Structure formats: structure tokens, C-alpha cells
Amino acid sequence: FKQIALLKIFKYVIILTMNKMSDSFGRSFPYIRLSITDVCNFKCGYCLPNGYFKVENKPGFLDLDEISNLVAAFTKLGVSKIRITGGEPTVRKDFFEVLRNIKSEHKINNLVITTNGYKLNEIAEELIATGINGINISIDSLDRNKFKEITGKDRLPQILEGINILQNKGFKNIKVNAVLLKNVNDSLEEFQNWERFINNNEIDFRYIELMQTGDNLEYFKKYHISASNFRKYIESTDWKEISQIRDAGPSINYVHSKLKGKFGIIAPYSKNFCITCNRLRITAKGELRLCLFGNTGANLRPYLQNQNQKDELVELILKQLRFKKESHYLETGNTGITPHLASIGG
Ligand code: SAM
Ligand code: SF4
């Protein structure tokens, strides 16, 4: 156990040393979240309750060459982890090609995706073949009716079947996320369902506290609840907090001596949440966003048009980092230019 911990620390130190991006608050950024589409086929109440509406045709989402040029610049800056997200990234026709290109051309160590998993059962094998290192799947409840109520789609069986296929093929790094919603999926029964699920499947599960965005104020007021009840439940049932190497993610994780899997909590409103921020975001149209919220960012797209622009692009990214603020200031209710997380890749 000690050896594994030491190895993790060693890996983290290497990542930090190689990373050339840091901001005025001493944070470094080995991790980018790259949205490849705003389009989504679900209607999650907190995100796109009326589904995705195409706003305009042009410009479209970044194409394969633009993505490749972008990844090349970030690799030069020492980025070692890329999360492909959206909207729903798997709806893009060239989704697998995007993954294969990033993996083979740029040798990214840690390429992961976030998906709603709506056709995971059909794509699981092809997904593994791309060489990705991990997958986050959003499942707001294991109760089929509730799942449908929250997301607008009756797809839970296909998602669970997909997880089974991934596991039977030996794919290891699977995490499940649910947005915690007051009086919807915050009951003891739900917590126990998840406990059984993660123990049976040896999977990590995290609740994310609902965040306010530009479009969801009413929903937020009705359904936001802090994760303190869930925390109380897990602490009273012998789950123990573990320290976390922070190239990973913002979640606080818990393990159990007798049960498999991990529980986690992502609490964006908690004090100090932003101290460990280690990621930058790129929208599907090539805007660099320094934070999920706020108004800071820059359009990188003009610099993605050919490979010779790499140095200019690197310079622009480094300059922009100076504008990264200390916190998202979400507690003030100012959500900046983020209407919903599908627009920025949550
Ligand atoms: N469509 C994919 C999915 O749902 O996994 C990827 C994009 S989605 C925007 C990424 C994550 O953000 C999902 O886990 C989703 O549940 C979460 N999310 C979306 N809106 C949210 C909000 N207002 N507060 C907290 N989490 C949110
Ligand atoms: Fe789509 Fe993901 Fe937003 Fe749900 S959370 S509407 S699946 S982008």
C-alpha cells in the first residue's frame, strides 16, 4: 500500500515538473477538458431540460485537424491528461477517430471521456479499442423511472449493460457520477442502492452537488442540496476519507474496509474547492475557458488552422493563464457566460 502511495506521489511530482502552465495563485494545469460538441440527446432537467437546440450553423465544432493542433500545443505545455466531453461526445460521427488520433498521434498518457452512456452497450468494445484510459458515466439514479424522469430518456438498461460489457472485457477505470437532487435521489434507499452497486461492480461513484448555471435558476432553487446527508451516511457506515493525488479530480473519496469500490463527493460550493483546481476547459468551438464560470477566456480557433501556429498558440495560452481568477465565485450567484454545462463540457 505504501509503495503504491509513493509511486503515485512520484508520478505527481513528475507531472508537476513537466507542466509549464501555472497561474498567479501557484496552481498548475496538467489537465484539460475538451468539449467536442454541444449537441446532446438527453434532456437532463438541470442542463438541457428542453433538449438541444441548434443555434447556428457556422462556425461548426472543431474538426479533427483543429483538435490535433490544439492537443499538440497543450502537449508542448506539459498536459498529460485530457478529458473528452460535451454535450454528449459520443453523438459525434467521428468520435472514435477523435480518440484514436489523440491517443496515437500525441501519446497522451491519460485520455478519458465523460458520457451519458446512452448507447454504451453498442459501443463498449470499440471504445476500449481506441486505447482510452478511463470513462466517467453519468447515472443520476439506479431507479429506472427516476432516471427517465431526470434525463428525459429511458436508457438505464443499455447503460448498465454497457458497464457490464466494459468490465467483462477487463476495462478497469470506470467512474459513475450522479448530480445530487433534493427529494429526488437523496434518500437513504438511493445511497444504499449505490453502495450495493459499487460493491458488486467494484466501481467508484460520486455525487456532484447541483450547480447554478445561467439557465437553471428555478431548477437550482428547487433541487439544490448540499451533500452533507450523504457524507453523514457514509461516515456513519465506516467509509473512510482517503487522501487524493490532485492530478485526478475535485472529488473527496472514501474507501471501506469490507466493501469494494469508492464513494466520492464533488462539492463545488465548499470552501477551498478552487484551491486545487488543475484543469482548463476548451469549448467545442475552440474557446479557452479558464473556469467553468465567469467571463474569462479566449478564442483559440484562429490559431488552430495549421501546425506552424503552435508557438503562437502556446504563447496565447500562457498569456491567458494570468487572467485565471482565484475562485469561481459561484456562491455569489454569478454564473458568468455559462448558460448550461453542455455549452462548456461540465
Ligand atoms: N453528456 C455527458 C454527461 O452527461 O456525462 C457529458 C457532458 S455533462 C455536461 C458532464 C457532467 O456535468 C455530467 O456528469 C452532468 O451530470 C454534470 N452536470 C451538468 N449540469 C450540471 C449542473 N448544473 N450541476 C452539476 N453537474 C452538472
Ligand atoms: Fe446532455 Fe450531459 Fe447535459 Fe445531460 S448533463 S443534458 S447528458 S450534456
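Heads up: the structure comes first, above all this text.
A brief look at the structure comes next. Just so we're clear, the structure is a prediction, and the values are computed from it rather than from any experiment.

**Let's talk about the overall build of the protein**
Tallying secondary structure elements over the protein gives ten helices and twelve strands in all. Looking at the 346 residues of the protein, the share that counts as buried comes to 53%. For the protein, restricting intrachain contacts to residue pairs at least 6 apart in sequence, the fraction spanning at least 24 positions comes to 71%. Entry remark: accessible area of the protein is about 16600 Å², with carbon and sulfur atoms responsible for 51%.

**What about the site of ligand 2?**
In the region of ligand 2, the neighbouring residues are Cys40, Phe42, Cys44, Tyr46, Cys47, Leu48, Gly87, Asn116 and Ala342. When its residues are assigned to classes, the shell around ligand 2 shows seven nonpolar, two polar and no charged.

**Observations regarding the layout of surface pockets**
Taken as a whole, the second largest pocket encloses approximately 590 Å³ of empty space. Forming the boundary of the second largest pocket are 30 residues, of which Asp38, Tyr52, Phe53, Val55 and His340 lie nearest the centre. Here the lining of the second largest pocket is built from residues that sort into twelve nonpolar, ten polar and eight charged.

**Comments concerning helix H4 (residues 120–129)**
Taken as a whole, H4 has its buried residues at Leu120, Asn121, Ile123, Ala124 and Leu127. For H4, the angular spread of the buried residues around the axis is 150°, confining them to a single face. In this structure, H4 carries Glu122, Glu125 and Ala129 as exposed residues pointing more than 90 degrees from its buried face. Tucked inside the fold, the buried residues of H4 contact helix H3 (95–106), strand E3 (110–115), strand E4 (134–138) and helix H6 (156–168). In the segment just after H4, glycine 131 is the residue with positive phi, at about 90°.

**Details of the pattern of salt bridges**
Counted according to the given criterion, the structure contains eleven salt bridges. When the shortest N-O distance is used, the salt bridge between arginine 301 and glutamate 66 registers 3.0 Å. Here the residue arginine 301 occupies a position in the loop between strand E12 (297–299) and helix H10 (310–321), and glutamate 66 occupies one in helix H2 (residues 64–76), the gap between them amounting to 235 residues. Residue lysine 76 pairs with aspartate 311 through a salt bridge whose shortest N-O separation is 2.8 Å. Residue lysine 76 is located in helix H2, and its partner aspartate 311 is located in helix H10; the two are separated by 235 residues in the primary sequence.

**What to know about the site of ligand 1**
The full set close to ligand 1 counts 19 residues, and Gly87, Glu88, Thr114, Ser138 and Met211 are the nearest of them. The separation between an oxygen atom of ligand 1 and a polar side-chain atom of serine 138 is 2.5 Å. In the model, a nitrogen atom of ligand 1 is placed 2.9 Å from a nitrogen or oxygen of the methionine 211 main chain. Across the complex, the protein chains shield 95% of the 550 Å² of accessible surface that ligand 1 would expose by itself. Elements with a minimum of two residues in the shell around ligand 1: E3 and strand E6 (204–209). Residue composition of the shell around ligand 1, by class: eight nonpolar, nine polar and two charged.

**Digging into the nonpolar core**
Among the nonpolar cores identified, the biggest contains 87 residues, and Phe74, Ile82, Ile84 and Leu127 are the most heavily contacted of them. Residue contacts for leucine 127: discarding those within four places in its chain leaves Phe95, Phe96, Leu99, Ile113, Leu120, Ile132 and Ile135. Counting residues in each nonpolar core, the second largest holds six residues, with Met211, Cys291, Leu292 and Ile344 among its members.

**With respect to the packing of helix H7 (residues 188–201) against helix H9 (residues 228–236)**
How two helices pack is summed up by the angle between their axes together with the distance between the axes. H9 packs onto H7 with a crossing angle of 55° between their chain directions and a minimal axis gap of 11 Å. When the axis of H7 is compared with that of H9, the two are oblique. As for the relative orientation of H7 and H9, their crossing is right-handed in sense. Across from Leu188, Phe191, Gln192 and Glu195 in H7, the residues of H9 making contact are Asn229, Phe230 and Tyr233. Looking at the contact of H7 with H9, its residues break down into four nonpolar, two polar and one charged.

**Concerning the pairing of strand E1 (residues 31–35)**
Every regular strand shows the same layout, with side chains that alternate between the two sheet faces. Most of E1 is tucked away: five of the five residues are buried. The alternating pattern of E1 places Tyr31, Arg33 and Ser35 and Ile32 and Leu34 on opposite faces, both of which are buried. The pairing of E1 with strand E2 (residues 81–85) spans five bridges and is parallel. When the bridges of E2 are listed, arginine 33 appears paired with arginine 83.

**As for the environment of phenylalanine 171**
Here phenylalanine 171 is to be found in the loop between H6 and strand E5 (174–180). The exposure class assigned to phenylalanine 171 is buried, which follows from its relative accessible area of 11%. It is 9.4 Å that separates the C-alpha atoms of phenylalanine 171 and isoleucine 135, two residues lying 36 residues apart in sequence. For phenylalanine 171, the residues in contact, after removing those within four places along its chain, are Ile128, Ile132, Asn133, Gly134, Ile135 and Leu166.

The rules we used
- Residues numbered from 1 in each chain as written.
- Chains lettered and ligands numbered in written order.
- Predicted model: local features only at pLDDT ≥ 70, side-chain atom pairs only at ≥ 80, totals over all residues.
- Heavy atoms only, no water.
- Helix = DSSP H or I, 4+ residues; strand = E, 2+ residues; numbered from the N terminus.
- Buried < 20%, exposed > 50% of the residue type's maximum accessible area, 1.4 Å probe, protein only.
- Contact = heavy atoms within 4.5 Å.
- Areas by Shrake-Rupley, 256 points an atom, 1.4 Å probe, with all protein chains shown as cover.
- Near = heavy atom within 4 Å.
- Nonpolar A, V, L, I, M, F, W, Y, C, P; charged D, E, K, R; others polar.
- 1 Å grid on protein atoms, 1.4 Å probe; cavity = no way out; pocket = protein on both sides within 12 Å on 5 of 7 lines; lining within 4 Å.
- Points joined across faces, edges and corners; volume = space filled by probe spheres on them.
- Arc of directions from axis to C-beta.
- Salt bridge = Lys/Arg side-chain N within 4 Å of Asp/Glu carboxyl O.
- Polar contact = N/O pair within 3.5 Å; in protein donor to acceptor, adjacent residues only side chain to side chain.
- Core = buried A, V, L, I, M, F, W, Y, C linked by side-chain atoms within 4.5 Å.
- Axes fitted to C-alpha atoms, helices over the stretch in contact; angles between N-to-C directions.
- Parallel < 35°, antiparallel > 145°, perpendicular 65-115°, else oblique.
- Left-handed = near helix turned anticlockwise from the far one by under 90°.
- Pairing = 2+ DSSP bridges.

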